[in-house]
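Given next are the chains, with one letter for each unit.
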Amino acid sequence: MHSSPLLLLALLISLPARAGFVDDPLRFGLDIPEDAKGGAVWADFNGDGWPDLAVNGSSHTLLYLSYGGPNHGMVSLGNHGVGYAIVAGDLDNDGDVDLAQSALGALDIYLNDGAGHFTRTLQLTAGAVPTFSVHGLGLADIDLDGDLDVVAQNTDPAIFALVNDGSGTFSLETDAFPLHGLYSAGDYLAVADFDRDGDVDVALRTSSETALWEGRAAQGATSRPYFLSGPLVIASTDEGATLFCDGDRDGDLDLFWSDGGTLGGSTNQFIRADTSAGGTSWIATHQPGLPASAEVYSAICQDLDVDGDPDLYLGVREGSDNHLFENQGSGFTFADTSGPDTALHMLWSYAMTAADADLDGDLDILVAGKKRASALLVNDAGDLGDGRYLAIRALADLDACAGTTRDDLGATLRLYDPATGSYLTGALDINGGEGHGAQGWSTAFTGLPASWDLSEELWVEVQWIYAKGRRTVSPVRVSALSGYHLVELLSSDADGDGIPNEVEERFSGAGADTDGDGLPDISDADSDGDGLSDALEAGPGSSRCAPDPTDTDLDGTPDFLDLDSDGDGLHDADEGAWGTDPLVGDSDGDGLSDGEEVHVTFTFPQRADSDEDGLFDGDEVLTYGTDPMRGDTDDDGLSDADEIYGFGTDPLLSDTDGDGLSDLDEAFLFGTDPLMADTDGDSLGDGDEVGTYGTDPHAEDSDGDSLSDGDEVSTYLTDPSLADSD
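Note that the structure is a prediction, hence the values are computed from the model and not measured. Throughout, a residue's number is its position along its own chain's written sequence, starting from 1. Restriction of local features to residues with pLDDT of at least 70 applies here, the model being predicted, together with a cutoff of 80 or more for giving and counting side-chain atom pairs; totals for whole chains, interfaces and linings are based on all residues. Computation of side-chain values: all heavy atoms of the structure, hydrogens and water removed.

## Topic: the overall build of the protein chain
Quick reminder of the rule: Helix and strand definitions follow DSSP, with helices as H or I runs of at least four residues and strands as E runs of at least two, each counted in order from the N terminus. For each residue, the accessible area found with a 1.4 Å probe, counting protein chains only, is set against the maximum for its type, and the residue is called buried under 20%, exposed over 50%, and partly exposed in between. In this description, contact between two residues means that some pair of their heavy atoms is separated by no more than 4.5 Å. Only the protein chains shown count as covering a residue, and every accessible area follows the Shrake-Rupley method with a 1.4 Å probe.
Each helix and strand counted, the protein chain has 10 helices and 37 strands in total. Looking at the 726 residues of the protein chain, the share that counts as buried comes to 56%. A separation of at least 24 residues holds for 49% of the contacts in the protein chain among residues at least 6 apart in sequence. Only carbon and sulfur atoms are counted for the fraction: they give 51% of the accessible area of the protein chain, which is about 26800 Å².

Here it is, written out as structure tokens:
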């Protein structure tokens, strides 16, 4: 897309954001054969930072790996019957993305070696449960023990779980979900934390209804069942899509449910979740307004036009084309904008998943097709290049020492404006399975409102699953991001300062805000507001692996929470202005603390000898009592250091021996001893000899008449400067 800068500016100012698509899978090396009945997921399987793709075919699961760019090479993961669902997550907690896949007559677990090479480690087949026919799959930590479990839709029972021991070894559990007689053969499911309470919930389509189970692990459940039956039961007639999405941006995830049959009424609609009064009420919206006769088999709900609102793209089996409904930003108000984009017009869309496949700032859509080749709808909504988007990963910190993390499937996020106290977006989820056997990208993607100033700080609020229901906020300034606007947040370290949340709270208390700036310490990269980052103040010996934050002044408060880390009486924030070291109490080593020099003696704390007289400031103040800002305290012409180290005179007295001559005159003009009032011992003071009698202060008998100058003056009353007075 090529436009002049003026035209682009005009579009930015006058037109709302709009998604536009081109069907071009070969641009990415995605030559996907037809008859993909269900199941597709984007994930980074080989760790190169680019989205890879796994998609179910009619007889193989196909894996398309990128290698440092958007182009992909295809490998076959394995042979099976018709593929139904495929979901991705780190099942053995080793830091790479594994797969769970369902096909005709089998459920397989594939573990990844980190380079995109998979080994099947588990296969369930007929006989594992009374009637085995798994279609839908989801991944979630249903028991909040730190690893991902597998939730499987089935025939009898309608739903079961494979509970993980943390290493990728699973045990089959049929009592994780309470069942009743109404639940018949299952279809597809969605996994998310719709009420943002810290545990995952599951919506399951069966052949006759859609049922909801609400997680109870965050409320302290430690044994099965991990779920309670929810209040929502919706009639179904055929296959369709089920997903959670915050369609009205109110902070909880609503349920979109479609039906591939012809049940009367508005079956393809959002069911709004209202959690405002505690608990959940489910309210039919009849939005986006697609007639029940449309056989919707697949769906995604993502911000496709990069404006901060989730949009809805619906895939049909037959009878009409796919539909794109763009969110108008007010409640459940959607507009069907699929007309101009002929690329969107297709049938037999059995699975969908969206990701920013080319990392250009908008979401592209993979549509897996039956009876036709699959499509990759390349989006150009981000081509204006204004950078008004964020891609966010919520990473469970599995092993701080090894640096092992995984995507926290089930976590939810919202963007918040701290200046106004309002949310910028609805809830975004890192889902563990949705749609028609598919799964959303494990990176939450959203545009930003057109009015948002990218230089302003926003907060990313995360409701974690891995951190046992903890909710944190992390500050982000979009204008400070370079390259692709990806933000990676850690469950253990909300502010990314290298000090684990629990360590920060151990010293300051849960929810503490030491500097009173509105950010709790665990989210504040400068907790004490002293201008020094917590990462710096924690010290080189501290890390997430071995947190041991420095306490320079040993007062029990670590430096990152201590306004005066070195206890010198000068705040860390002020030390920078003075050029002193906030971790050294006496920066210049002169014997005075930096605080004393600034607030008491008014000397220069970064200069050991402020008056440059040859004496350290501390010695002048503490030992000699001289003025550290005056090189000659007694104004006698000799520097304080010369008096102390050179002549031994008193730097506080201009006439040390009290003979009437200044120390300087004695030392340099008269050559007398400034420490002896009577240098020649003639009983006349040096000052009297020079100033009164004109005698020589170096000679006892100045006139050589054999009478001392003192005797002549005091006894004989003769002139000591004349040998013959008369």
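## Some words on the pairing of strand E7 (residues 98-103)
In the case of a regular strand, side chains alternate between the two sheet surfaces. Here is the rule: Strand pairing follows a simple DSSP-based rule, namely that at least 2 bridges must link the two strands.
For E7, the buried fraction is high: 6 of the 6 residues fall into the buried class. Burial along E7 is two-sided: Asp98, Ala100 and Ser102 facing one way and Leu99, Gln101 and Ala103 facing the other are all buried. The pairing of E7 with strand E8 (residues 106-112) spans 5 bridges and is antiparallel. Across the sheet, the residue bridging to Ser102 is Leu107, located in E8. Connecting E7 to the next strand, E8, in antiparallel fashion are 2 residues, including Gly105 with a positive phi near 85 degrees.

## Overview of the state of the cysteines
By definition, a disulfide links two cysteine residues through a covalent bond between their sulfur atoms. Using the following cut-off: What counts as a disulfide here is a pair of cysteine sulfur atoms lying within 2.5 Å.
Evaluation of the coordinates by the stated rule reveals 2 disulfides. Disulfide pairing places Cys401 opposite Cys545 at an S-S distance of 1.9 Å. In this structure the cystine formed by Cys401 and Cys545 twists about its S-S bond by roughly 90 degrees; its chirality is therefore right-handed. Of this pair, Cys401 sits in the loop between strand E29 (389-399) and strand E30 (404-407) while Cys545 is found in the loop between helix H3 (534-538) and helix H4 (572-578), placing the two residues 144 residues apart along the sequence. Once the disulfide-bonded cysteines of the protein chain are ranked by sequence position, their pairing pattern turns out to be 1-2, 3-4.

## Considering the pattern of salt bridges
Defined as follows: Any carboxyl oxygen of Asp or Glu within 4 Å of a side-chain nitrogen of Lys or Arg constitutes a salt bridge here.
Summed over all chains, the structure comprises 11 salt bridges. We note a salt bridge from Glu457 to Arg477, for which the minimum N-O separation is 3.7 Å. Residue Glu457 is found in strand E35 (residues 457-463), and its partner Arg477 is found in strand E36 (residues 471-477); the two are separated by 20 residues along the sequence. Looking at Arg477, the relative accessible area reads 36%, which means it is partly exposed. Salt-bridge contacts for Glu461 lead to Arg471; the nearest nitrogen and oxygen are separated by 3.7 Å. You can see Glu461 sitting in strand E35 and its partner Arg471 sitting in strand E36, a full 10 residues away along the chain. On the basis of relative accessible area, Arg471 is assigned to the partly exposed category, the value being 39%. What you see here is one network of salt bridges that share partners, running through Arg196, Glu461 and Arg471.

## Structural notes on the sheet that holds strand E21 (residues 281-284)
This is how it is decided: All axes here are fitted lines through C-alpha atoms, helices being fitted over the stretch that makes contact, and every angle between N-to-C directions spans 0 to 180 degrees.
Strands sit in the order E18-E19-E20-E21 across an open sheet of 4 strands; the sheet is antiparallel. What marks the edges here is a single partner per strand, and that holds for strand E18 (242-245) and E21. Averaged over all neighbouring strand pairs, the angle between strand axes comes to 25 degrees, with direction disregarded. Examined bridge by bridge, E18 and strand E19 (residues 254-257) share 4 bridges and lie antiparallel to one another. Among the inter-strand pairings, Leu243 is bridged to a residue of E19, identified as Phe256.

## Description of the sheet that holds strand E12 (residues 159-164)
In spatial order, the strands read E10-E11-E12-E13; together these 4 strands make up an open sheet with antiparallel pairing. Two strands close off the open sheet at either side, each with one partner strand: strand E10 (137-140) and strand E13 (170-173). For this sheet, the mean angle separating the axes of adjacent strands, direction not counted, is 20 degrees. As judged from the 4 bridges shared by strand E11 (residues 149-153) and E12, these two strands associate in the antiparallel manner. Its bridge partner lying in E12, Val150 is registered against Leu162.

## A word on the packing of aromatic side chains
Stated formally: Two rings from Phe, Tyr or Trp (for Trp, the six-membered ring) form a pair when their centres are within 6.5 Å of each other. A pair whose planes differ by under 30 degrees is stacked, one over 60 is edge-to-face, and the rest are tilted.
This structure, assessed with the given rule, holds 13 aromatic pairs. Ring plane angle 70 degrees and centroid distance 5.4 Å describe the contact between Phe256 and Phe270, whose orientation is recorded as edge-to-face. You can see Phe256 sitting in strand E19 and its partner Phe270 sitting in strand E20 (residues 269-274), a full 14 residues away along the chain. For the pair Phe256 and Phe270, a shared accessibility class is recorded, and that class is buried. Look at Phe507 and Phe560: their rings are 6.5 Å apart centre to centre, the planes differ by 90 degrees, and that puts the pair in the edge-to-face class. Placement of the pair is Phe507 in helix H2 (residues 501-508) and Phe560 in the loop between H3 and H4, with a sequence separation of 53 residues.

## Quick word on helix H6 (residues 617-624)
Think of an α-helix as turning once every 3.6 residues; residues three or four places apart then point the same way. Among the residues of H6, those classed as buried are Asp617, Gly618 and Glu620. Where H6 terminates, the next one or two residues include Gly625, which has phi positive at roughly 75 degrees.

## Re the side chain of Asp678
What counts is decided by this rule: Counting rule for charge: Lys and Arg are taken as positive, Asp and Glu as negative, and neither His nor the chain ends is counted.
Along the chain, Asp678 turns up in the loop between helix H8 (663-670) and helix H9 (686-693). Buried charge without a salt bridge: Asp678, with Arg630 as the nearest opposite-charge side chain at an N-O distance of 29 Å.

## Things to note about H9
Buried within H9 we find Asp686, Gly687 and Glu689. Contacts from the buried residues of H9 go to H8 and helix H10 (709-716). Gly694 occupies a position one or two residues after H9 and carries a positive phi of about 70 degrees.

## Things to note about unusual backbone geometry
Between Asp156 and the following residue, Pro157, the backbone shows a cis peptide bond with an omega angle of 0 degrees. Here the residue pair Gln287 and Pro288 is connected by a cis peptide bond, since its omega of 20 degrees sits within 30 degrees of zero. In this fold, Pro288 is placed in the loop between E21 and strand E22 (296-302). Of note in the backbone geometry, Arg196 takes a positive phi value of approximately 55 degrees without being a glycine.

These figures come from the coordinates and say nothing about function on their own.
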